[in-house]
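In case you want the letters, here they are:
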Amino acid sequence: MDGSSNSTIQAYNKQVGLRFQLYNSLFTALPFHRVEKTGVLLTIFLLHCEEGYAKGQSPVEIINSFVKQHTSYHGDKELIDLLFRFVQYTERQVVLFDALEDAAYRDIHDMQGAGTLKQLQGEVLQNKKTTELADKLKDFSVRLVLTAHPTQFYPSEVLGIINDLSKALMNENTPQINSYLQQLGKTPFFKNEKPTPYDEAVNLIWYLENVFYLAAGNILSFMKNELPDVVSPTNPIVRFGFWPGGDRDGNPFVSADITLRVAEALRGGALKSYYLDVRRLKRRLTFKGVANLVLSLEQKLYNNLFVPNHELDISKEEIISSLQQIRTILKEEHNSLFLNMVENLLRKVQLFGLFFASLDIRQDSSVHTELLELLADTGNALPADYASRSDQDKIAALLEVRSAADATLLDNELHRDVLGSMRAMKTIQETNGEIGCHRYIISHSTSALDVMQAYGLFLLSGWKPEEMSLDIVPLFETIDDLQNAAGVMSALYENEAYRQHLQKRGSIQTIMLGFSDGTKDGGYLMANWGIYKAKEELSAISKQYGVEVIFFDGRGGPPARGGGKTHQFYASMGPNISNKEIQLTIQGQTISSNFGTVDAAQYNIEQLMHAGIRNTLFASQSATLTPEEEELLQRLSNESFEKYNTLKNLPNFLEYLNYASPLRYYAEANIGSRPSKRKPGKLNLNDLRAVPYVGSWSQLKQNLPGYYGVGTALQRLEEAGKWEEIVQLYNGSLFFKTLMDNCEMAMTKCFFPLTAFLSSHPNYGALWNMIHDEFMLTKGYILRLTGASELMQDKPVNLLSIQMRQRIELPLLTIQQYALTKIREMEEQDVQGDHKGVYEKMVMRCSFGIINAERNSA
């Protein structure tokens, strides 16, 4: 371990580890019933759990022996009460730990080190690449798209407390810390009602206002001040997208009305941020010639924000013009005093406009097909035989549309909403600007027809071809879809009408690729390799047609959903993969864990920017895979896919997950507006959302989607005499190394002793052992590859964080499995009663704490 790692670990132990022990003692003052006894007993319970699992005991045996040895309880009621108090106490321990890590961010991350813009600046100057950087920045950007996928278990009230608690911890303000911890004790951690899509939007707008607005401003100021000759005045290098209120794929609660309200809330968030900045400017710019301009701008913003029924009468251009006028006067008459404040705000207005974040609209291709066939059946703007036509003839019929469909003739609200959402895009563009809502994403795109059906529906909703200021984005998710994607796009590029549309859009095509459903469908290696190959093929085919392709990655938090060390994936892409922009979804929990503070957001955005820019500037240093390496990766992926597919197709595979994990309680947890399945009915893997699928494996502490099949693939290729080639690939390819690094992270978070009691289960024992055997096989091969004695040995701070969090969550995991076992016993004995509902509530309450403790679990 090098010196810098040692000093970082020391800083982590001091700022997080020791302070956690210190402030944890303050929990004895929390307003819980018999809280002091709870805290003492919880400490004993944790040690009891660790000893019990070391002896091979089950969660039920551990809790029963704990009650016998450390309490005088005789009835279930007292025990249930104690377990709920343990859950309450642990939930707040997790919040304290989160806040401590947030407060220590600058101490445990080098804000000017590897992967930052400061380091990039040094590399550019040293290698005399300023001209190349200026060229790259003409059209390069990082777009973070905030989604409300239900992986965030903290209510907004608790997020606010974490934010304030982190600041108090940074300032070492003990009285404030004590007050906030007491506030935590009285604040509910669960939601009695599911949030609406609008609620989700408002919660995420908080991050735009309080985190991203400031972090982006810092980044833009650094670029302008340190690299003034390379920043393009017309291209914002950071952009933000937004899904809550726009993503209606499988979410029946999103409507066109909600979409319009969210767009209004986004505009309000931007104007409020400018208003607060202008108020700060007013306190500084008190001199002649500018004070009146600032006051006038403040009044206009106030009117548009706070005056009821005030018609929007402010534009981005007007705000910019006022600030430019102020800037000119400051330069000419006031020695540029406080000029930096004006320029910082000016850059933010240029970036955020009146839209704050681009609101994406998404719908499933099957909904479009249903709607078009229904319109044809009712003679509503399409020929009656539409459904029976070939794909080419359907496309021809869609391109002949000359009038809008009559939505009032449609009985189904979902169908009416498709046309309504497309019309809403036009309304939003008129108020928030074109960039405010310009992308329509089609889930489950499997053919050129899927894209052209969306195009035809825009015509049917009233858009004219010549005024279609929007981008249609196909989303490829399954392994088959990824393999067919290049053929689909080739057929699209051949279509004359679509080519003309693309030319109006600057000959730029955005394509979305889904990591989550890819992993669920094909396993970890095949999904990641499938997306890599799809990007290669799509880059080549787009270039052939003179189209510039932009990839938009649908990523979640954990490695199994395309998360983990995301920036390393972008740094590993060779020049044969389009790198015009980096676009990715930032989902639920990942927003608060990786972008929850200004420091964290700035650091992680810079890491992504650095990866994308450096890849172009130092292309010779980017490892493009050789044909031999590609063949090796393909063989590894095939072997891994075969192993995963065999497991996935076992008749009791999903039954086991439903039996052993809290999967069936996801929909009842009230953490998101979206149902846990795409369609009602019997549980099947196709309709099951990736979030509950991956999250359930995470709460089982088996994390199967993050490694299953990797060990078998490595073993089979070693048997084929390829081990030395694999070692060379690991040492020479950042892409393969990042795959293995993320695999390590997924396995480090596993804890099989929790469910070892299932290893002898009559129905599921064989399946449990298959998973455990693959885990052990993969772990052995990963350690051989890395030359380490433990997983994540080369990332000691991350490892320490995971280990400390695992100790905090162990009582919750034990209690959750205990409650699940009790529920199963009641169901098997067909026992009805109040206790079952209590245990179900216990399972869900434990879920909240477990997910929060793991930070990137779903």
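Within every chain, residues take consecutive numbers counted from 1 along the sequence as written. A pLDDT threshold of at least 70 governs which residues receive local features in this predicted model, and a stricter bar of 80 or more applies before side-chain atom pairs are shown or counted, although totals over entire chains, interfaces and linings include all residues. To get the side-chain values, all heavy atoms of the structure are used, and hydrogens and water are removed first.

### Some thoughts on the overall build of the chain
Next up, step 1: Think of it this way: any DSSP run of H or I at least four residues long counts as a helix, any run of E at least two long counts as a strand, and we number them from the N terminus. The helix and strand tally for the chain stands at 34 helices and nine strands.
Next up, step 2: Using C-alpha atoms as the atom set, the radius of gyration is obtained and then compared with a globule rule of 2.2 Å times the number of residues to the power 0.38. Its C-alpha atoms give the chain a radius of gyration of 28 Å, near enough to 29 Å, the size a compact globule of 858 residues would have.
Next up, step 3: Based on the C-alpha atoms only, the size of the chain along its principal axes is roughly 75 × 70 × 60 Å.
Next up, step 4: Residue contacts are counted whenever heavy atoms from the two residues lie within 4.5 Å of one another. A separation of at least 24 residues holds for 81% of the contacts in the chain among residues at least 6 apart in sequence.
Next up, step 5: Per-residue and other accessible areas were derived by the Shrake-Rupley procedure at a 1.4 Å probe size, with only the shown protein chains allowed to occlude residues. For the chain, the exposed surface amounts to about 33000 Å²; the carbon and sulfur share of it is 49%.
Next up, step 6: We score Asp and Glu as negative and Lys and Arg as positive, and we do not count His or the chain ends. Lys charges are placed at NZ, Arg charges at CZ, Asp charges at CG and Glu charges at CD. Here the chain contributes 85 positively and 100 negatively charged side chains, and the mean placements of these two sets differ by 5 Å.

### Regarding the packing of aromatic side chains
Next up, step 1: Pairing of aromatic side chains here covers Phe, Tyr and the six-membered ring of Trp, requires ring centres within 6.5 Å, and sorts the geometry by plane angle: under 30 degrees stacked, over 60 edge-to-face, intermediate tilted. Evaluated as defined, the whole model comprises 35 aromatic pairs.
Next up, step 2: Here Phe 45 and Phe 66 contribute two aromatic rings whose centre-to-centre distance is 5.0 Å and whose plane-to-plane angle is 65°, an arrangement assigned as edge-to-face. Here the residue Phe 45 occupies a position in helix 2 (residues 35–54), and Phe 66 occupies one in helix 3 (residues 59–70), the gap between them amounting to 21 residues. Both residues of the pair, Phe 45 and Phe 66, count as buried.
Next up, step 3: An aromatic cluster is built from Phe 212, Tyr 213, Phe 240, Tyr 274, Phe 352, Phe 356 and Phe 595, whose rings are joined through pairwise contacts.
Next up, step 4: Whether a charge sits over a ring comes down to the Lys NZ or Arg CZ being within 6 Å of the ring centre and within 35 degrees of the ring normal. Lying over the aromatic face of Tyr 198, Arg 261 brings its terminal NZ or CZ to 3.9 Å of the ring centre.
Next up, step 5: Positioned above the aromatic ring of Tyr 659, the side-chain terminus of Arg 824 is 4.3 Å from the ring centre. Remark: exposure states derive from per-residue accessible area (1.4 Å probe, protein chains only) relative to the maximum for the residue type, with buried under 20%, exposed over 50%, and partly exposed in between.

### Thoughts on the nonpolar core
Next up, step 1: Definition of nonpolar core: a set of buried residues of the types Ala, Val, Leu, Ile, Met, Phe, Trp, Tyr and Cys, connected through side-chain atoms within 4.5 Å. Phe 212 and Phe 242 are the most contacted members of the largest nonpolar core, which totals 194 residues.
Next up, step 2: The greatest single-element share of this core, amounting to 14 residues, is contributed by helix 10 (residues 197–226).
Next up, step 3: The residues touching Phe 212, leaving out its near neighbours within four places in the chain, are Leu 144, Leu 146, Tyr 207, Phe 240, Phe 352, Ile 591, Phe 595, Ala 601 and Ile 605.
Next up, step 4: The next biggest cluster of nonpolar side chains, apart from the first, holds 37 residues, and it includes Leu 42, Tyr 73, Leu 813 and Val 843.

### What to know about the pattern of salt bridges
Next up, step 1: Salt bridges are defined as contacts in which a side-chain nitrogen from Lys or Arg sits within 4 Å of a carboxyl oxygen from Asp or Glu. A full pass over the atoms with the stated rule returns 41 salt bridges.
Next up, step 2: Of the charged contacts in the structure, one is a salt bridge between Asp 135 and Lys 138, with a shortest N-O distance of 3.4 Å.
Next up, step 3: Taking the shortest distance from any N to any O, the salt bridge between Asp 417 and Arg 248 comes out at 2.9 Å. Taken together, the residues Asp 417 in helix 17 (residues 413–432) and Arg 248 in the loop between strand 2 (238–242) and helix 11 (256–284) connect sequence positions 169 residues apart.

### Re the pairing of strand 9 (residues 581–587)
Next up, step 1: A large share of strand 9 lies buried, amounting to seven of its seven residues.
Next up, step 2: Every second residue of strand 9 is oriented toward a common face, with Glu 581, Gln 583, Thr 585 and Gln 587 on one face and Ile 582, Leu 584 and Ile 586 on the other, all of them buried.
Next up, step 3: Paired strands, in this sense, are two strands between which DSSP finds at least two bridges. In the sheet, strand 1 (residues 141–147) pairs with strand 9 via seven bridges, with the strands oriented parallel. When the sheet's bridge partners are listed, Leu 144 is paired in strand 9 with Leu 584.
Next up, step 4: Of the pairings in the sheet, the one linking strand 8 (residues 548–554) to strand 9 comprises two bridges and is parallel in character. Within strand 9, the residue paired with Asp 553 across the bridge is Leu 584.

### Structural notes on the sheet that holds strand 7 (residues 508–514)
Next up, step 1: Pairing in this open sheet of nine strands is parallel, and the strands run 3-2-1-9-8-7-6-5-4 from one edge to the other. Of all the strands in the sheet, the pair left with one neighbour each is strand 3 (358–359) and strand 4 (361–364).
Next up, step 2: Helix 10 rests against strand 1 and strand 2 of the sheet, and its axis sits at about 175° to strand 2. For helices, the fitted axis covers only the stretch in contact; all axes are lines through C-alpha atoms, and the angles between them, taken along N-to-C directions, range from 0 to 180 degrees.

### A few points about helix 32 (residues 765–786)
Next up, step 1: Taking 1.5 Å per residue as the helical rise, helix 32 with its 22 residues ought to reach 32 Å, and the 32 Å between its terminal C-alpha atoms agrees with that figure.
Next up, step 2: Those residues of helix 32 that sit buried are Gly 765, Leu 767, Trp 768, Ile 771, Glu 774, Phe 775, Thr 778, Tyr 781, Ile 782, Leu 783 and Leu 785.
Next up, step 3: Elements in contact with the buried residues of helix 32: helix 26 (627–648), helix 27 (653–660), helix 28 (690–699), helix 29 (710–719), helix 30 (723–732) and helix 31 (734–748).
Next up, step 4: One or two positions beyond helix 32, positive phi appears at Gly 787, with a value near 70°. Helix span, as expected, comes to 1.5 Å for every residue beyond the first.

### Some words on the environment of Ile 591
Next up, step 1: Looking at the element boundaries, Ile 591 is found in helix 24 (residues 588–595).
Next up, step 2: Considering only alpha carbons, one finds Ile 591 and Gln 93, 498 residues apart in sequence, at a separation of 20 Å.
Next up, step 3: Setting aside anything within four residues of it in sequence, one finds Ile 591 in contact with Leu 146, Thr 147, Leu 204, Tyr 207, Phe 212, Ile 586 and Gly 596.

### Describing the side chain of Asp 741
Next up, step 1: With respect to the secondary-structure elements, Asp 741 resides in helix 31.
Next up, step 2: When sequence neighbours within four positions are dropped, the list of residues in contact with Asp 741 reads Gln 568, Tyr 730 and Lys 795.

### Regarding the pairing of strand 2
Next up, step 1: Burial runs high along strand 2: five of the five residues are buried.
Next up, step 2: Neither face of strand 2 is exposed, since Val 238, Phe 240 and Phe 242 on one face and Arg 239 and Gly 241 on the opposite face are all buried.
Next up, step 3: Judged from the five bridges that link them, strand 1 and strand 2 form a sheet pairing that is parallel. Residue pairing in the sheet places Val 142 in a bridge with Val 238 of strand 2.

### Looking at the side chain of Asn 615
Next up, step 1: Assignment of secondary structure puts Asn 615 in helix 25 (residues 598–617).
Next up, step 2: The exposure class assigned to Asn 615 is buried, which follows from its relative accessible area of 8%.
Next up, step 3: Throughout this description, a polar contact denotes any pair of N or O atoms lying within 3.5 Å of each other; where both atoms belong to protein, one of them has to be capable of donating a hydrogen while the other can accept it, and for residues adjacent in sequence the pair is counted only when both atoms sit in side chains. Here Met 573 takes part through its backbone oxygen, which lies 2.8 Å from a polar atom of the side chain of Asn 615.

### Things to note about unusual backbone geometry
Next up, step 1: The residue Phe 338 is not glycine, and still its phi comes out positive at about 60°.
Next up, step 2: Inspection of the secondary structure assignment puts Phe 338 in the loop between helix 13 (316–333) and helix 14 (339–352).
Next up, step 3: Phi is positive for Met 792, close to 60°, though the residue is something other than glycine.
Next up, step 4: By the element assignment, Met 792 lies in the loop between helix 32 and helix 33 (796–828).

### Section: the state of the cysteines
Next up, step 1: Whenever a pair of cysteine sulfur atoms sits within 2.5 Å, that pair is classed as a disulfide. One pass over the full model with this rule turns up zero disulfides.
Next up, step 2: With no disulfide of its own, Cys 49 lies 11 Å from the sulfur of Cys 846, the closest cysteine sulfur.
Next up, step 3: We classify Cys 846 as buried; its relative accessible area is 0%.

### Observations regarding the packing of helix 6 (residues 117–126) against helix 25
Next up, step 1: Relative orientation of the contacting elements helix 6 and helix 25 amounts to 20°, with a least axis distance of 9 Å. Relative to helix 25, helix 6 is oriented roughly parallel. For helix 6 against helix 25, the interelement crossing comes out left-handed. Counting all contacts with helix 6, which are made through Leu 117, Gln 119, Leu 120, Glu 123 and Val 124, the residues of helix 25 involved are Glu 606, Met 609, His 610, Ile 613, Arg 614 and Leu 617.
Next up, step 2: Classes in brief: Ala, Val, Leu, Ile, Met, Phe, Trp, Tyr, Cys and Pro nonpolar; Asp, Glu, Lys and Arg charged; the others, Gly included, polar. Considering only residue class, the contact of helix 6 with helix 25 consists of six nonpolar, two polar and three charged. Here roughly perpendicular refers to angles of 65 to 115 degrees, roughly parallel to angles under 35, roughly antiparallel to angles over 145, and oblique to all remaining angles. Helix crossings fall into two classes, left-handed where the near helix is turned counterclockwise from the far one by less than a right angle and right-handed where it is turned clockwise.

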